[in-house]
Amino acid sequence: LFVAEYAPPFVSAINEANNKNCAMLFPNPANNYCMLYLNRAENIQVRITNQIGELIFETAATNELALPATNLPTGVYFVQVLAKNKMQTLKLLKQ
């Protein structure tokens with residue numbers, strides 16, 4: 001009888017935070033605004049879309065950015081961070 005052990009890959013917030021291309025949203029869920037902190041000091045395009053892909057907000061950023069959330073209806077949004085040929089998508093919850 002042979003028994004193989006399988007250990008699935010483990011992903012944690014710590015692993016994600018160590019990623020050099022990482023962006024972070026705080027606070028999340030948000031009420032009035034949400035800060036987007038970026039690891040890179042270069043020209044980065046930031047977009048907020050709703051669940052059906054409609055563009056809600058778009059701007060350029062470098063290190064950090066206050067994202068407006070006051071006028072957003074309660075729900076789930078996606079923050080896309082585009083730098084050079086890479087893109088990271090973060091989920092933003094609006095209370």
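Cut-offs applied
- Residues numbered from 1 in each chain as written.
- Predicted model: local features only at pLDDT ≥ 70, side-chain atom pairs only at ≥ 80, totals over all residues.
- Heavy atoms only, no water.
- Pairing = 2+ DSSP bridges.
- Helix = DSSP H or I, 4+ residues; strand = E, 2+ residues; numbered from the N terminus.
- Axes fitted to C-alpha atoms, helices over the stretch in contact; angles between N-to-C directions.
- Contact = heavy atoms within 4.5 Å.
- Patch = residues over 30% accessible without salt bridge, like charges linked within 9 Å, V, L, I, M, F, W, Y side chains within 5 Å.
- Areas by Shrake-Rupley, 256 points an atom, 1.4 Å probe, with all protein chains shown as cover.
- Salt bridge = Lys/Arg side-chain N within 4 Å of Asp/Glu carboxyl O.

Caption draft 1: Broad picture of the sheet that holds strand E3 (residues 44-49). Spatially, the four strands line up as an open sheet ordered E4-E3-E6-E7, and their pairing is antiparallel. Both outer strands of the open sheet, strand E4 (55-61) and strand E7 (86-94), are each paired with one neighbouring strand and no more. Each strand of the sheet is rotated relative to its neighbour by a mean of 20 degrees, with strand direction disregarded. The sheet contact formed by E3 and E4 spans six bridges and is antiparallel. The residue bridging Arg47 from the neighbouring strand is Glu58, located in E4.

Caption draft 2: How the structure looks around the environment of Asn31. On the secondary structure map, Asn31 appears in the loop between strand E1 (23-26) and strand E2 (33-38). In this structure, the C-alpha to C-alpha distance between Asn31 and Thr74, residues 43 residues apart in sequence, is 8.8 Å. Setting aside residues no more than four positions away along its own chain, Asn31 makes contact with Ala69, Thr70, Lys94 and Gln95.

Caption draft 3: Main features of a nonpolar patch on the surface. A cluster of nonpolar residues, Met24, Phe26 and Tyr37, forms a patch on the protein surface that exposes about 320 Å² of accessible area. You can see Phe26 is positioned in strand E1.

Caption draft 4: View of the pairing of E2. Note: E1 against E2, four bridges, orientation antiparallel. Residue pairing across strands places Phe26 opposite Met35, the latter belonging to E2. Examined bridge by bridge, E2 and strand E5 (residues 64-68) share five bridges and lie antiparallel to one another. When the sheet's bridge partners are listed, Tyr37 is paired in E5 with Glu64.

Caption draft 5: Here's a closer look at unusual backbone geometry. Omega for the bond connecting Phe26 with Pro27 falls within 30 degrees of zero, at -10 degrees, which places this linkage in the cis form. Mapped onto the fold, Pro27 is located in the loop between E1 and E2. With omega at 15 degrees, the peptide bond leading from Asn28 into Pro29 counts as cis. As for its position among the elements, Pro29 is in the loop between E1 and E2.

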